[in-house]
Amino acid sequence: SLLYVRIRDFPRRLKYGDRITLTGMLGRPAPPANPGEFDFPAYLRRQGFSASLEAVGTHDQLTVLAQDQGSPVMKAALESRDWIGYTVTRDITDDADLSATVRAMVLGTREKTPAEIEDAFVASGTMHVFAVSGLHVAMFCAVLWGVLKLFRLPHAWVVLLALPLVFFYVFITGLRPSAWRAAIMAAILMSGPLFNRESNLFNSLGAAALLLLGEDTQQLFQPGFTLSFGVLLALAMLQPFSRWLLKPLAEPDAFIPLQLYSKHYPVRLWLRKLVAGSLSVSIASTIGSAWLMI
């Protein structure tokens, strides 16, 4: 069985691969004190934890027996993440708080982010920017796809080179459900033409959910999984309706000849289409997430 371990006041930072011995208080987490409150014991049971252990990181309660005992694959991934984090913050290393914030937003690493900065993001309702989501994966895919296309490689080679890098990015950023979902959908989208198949949002979303739940059925109880797939499903179902609702804003009047419009009209029409597209996504995602948030 597994133990959920909490360590307080340890004099130095533990690293992946450290083998340690602990002395602490073994027990079971207290049940929720109020109706509707988060049931932490039930959450631990779903994750396979049978009890919790709380220890204070003094020398008599925690001893490091050996180092570098973990998986070499995971070690390489963590070292790659550290290198990427150093690279993206190379010019702002003199500002520790800013560097930690940028690393958290790009890679999802919050270990070095000051507590006061996290509290500020929590208070403003923008803590989700610290979690690597489907948007991060989509931007990474777009940049990677654009760079590989510059070399005029065949489509098959672009896919074969891009997909391992996309999944590696998901791996080093914590294997979050939203990132996994986006990576699987990107893989289906990019590899579809190789098999003469058109991509379909509902099929791609269902395949991603099936693969994730096949690997771990307890994902179904995770808020991240529910929000990620629920909101995207709502987008797929409701965005056509919201686009229809905003159609008068995004399209020119069919009864007015284009020759009568001013020369600046195409720019205004482009801006209106941009606004209408953004509003259609916002309306669909708000409706889709409202029942979950309630």
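Rules and cut-offs
Residues numbered from 1 in each chain as written. Predicted model: local features only at pLDDT ≥ 70, side-chain atom pairs only at ≥ 80, totals over all residues. Heavy atoms only, no water. Helix = DSSP H or I, 4+ residues; strand = E, 2+ residues; numbered from the N terminus. Buried < 20%, exposed > 50% of the residue type's maximum accessible area, 1.4 Å probe, protein only. Contact = heavy atoms within 4.5 Å. Phe/Tyr/Trp six-rings, centres within 6.5 Å; stacked < 30°, edge-to-face > 60°. Expected span 1.5 Å × (residues − 1). Arc of directions from axis to C-beta.

A. Geometry of the side chain of S204. Tracing the backbone shows S204 in helix α8 (residues 201-215). Looking at S204, the relative accessible area reads 5%, which means it is buried. Apart from residues no more than four positions distant in its own chain, S204 is found in contact with M185 and I188.

B. Broad picture of the packing of aromatic side chains. Enumeration over the complete set of coordinates arrives at seven aromatic pairs. Ring centres 5.4 Å apart and planes at 75° place the aromatic pair Y4 and F40 in the edge-to-face group. Of the two residues, Y4 sits in strand β1 (residues 2-8) while F40 sits in helix α1 (residues 40-46), which places them 36 residues apart along the sequence. Its relative accessible area of 26% is what places Y4 among the partly exposed residues. Feature note: the residues Y4, F38, F40, Y43 and F49 constitute an aromatic cluster, connected by ring pairs.

C. Region of interest: α8. Over its 15 residues, α8 extends 21 Å from the first C-alpha to the last, a length consistent with the 21 Å expected when each residue adds 1.5 Å. S204, L205, A208, A209 and L212 are the residues of α8 that are buried. Mapping the buried residues of α8 onto a view down its axis gives an arc of 130°, with all of them on the same face. Exposed side of α8, more than 90 degrees from the buried face: N203, L210, L211 and G214 are the residues found there. Lining the buried residues of α8 we find α7 (177-191) and α9 (223-245).

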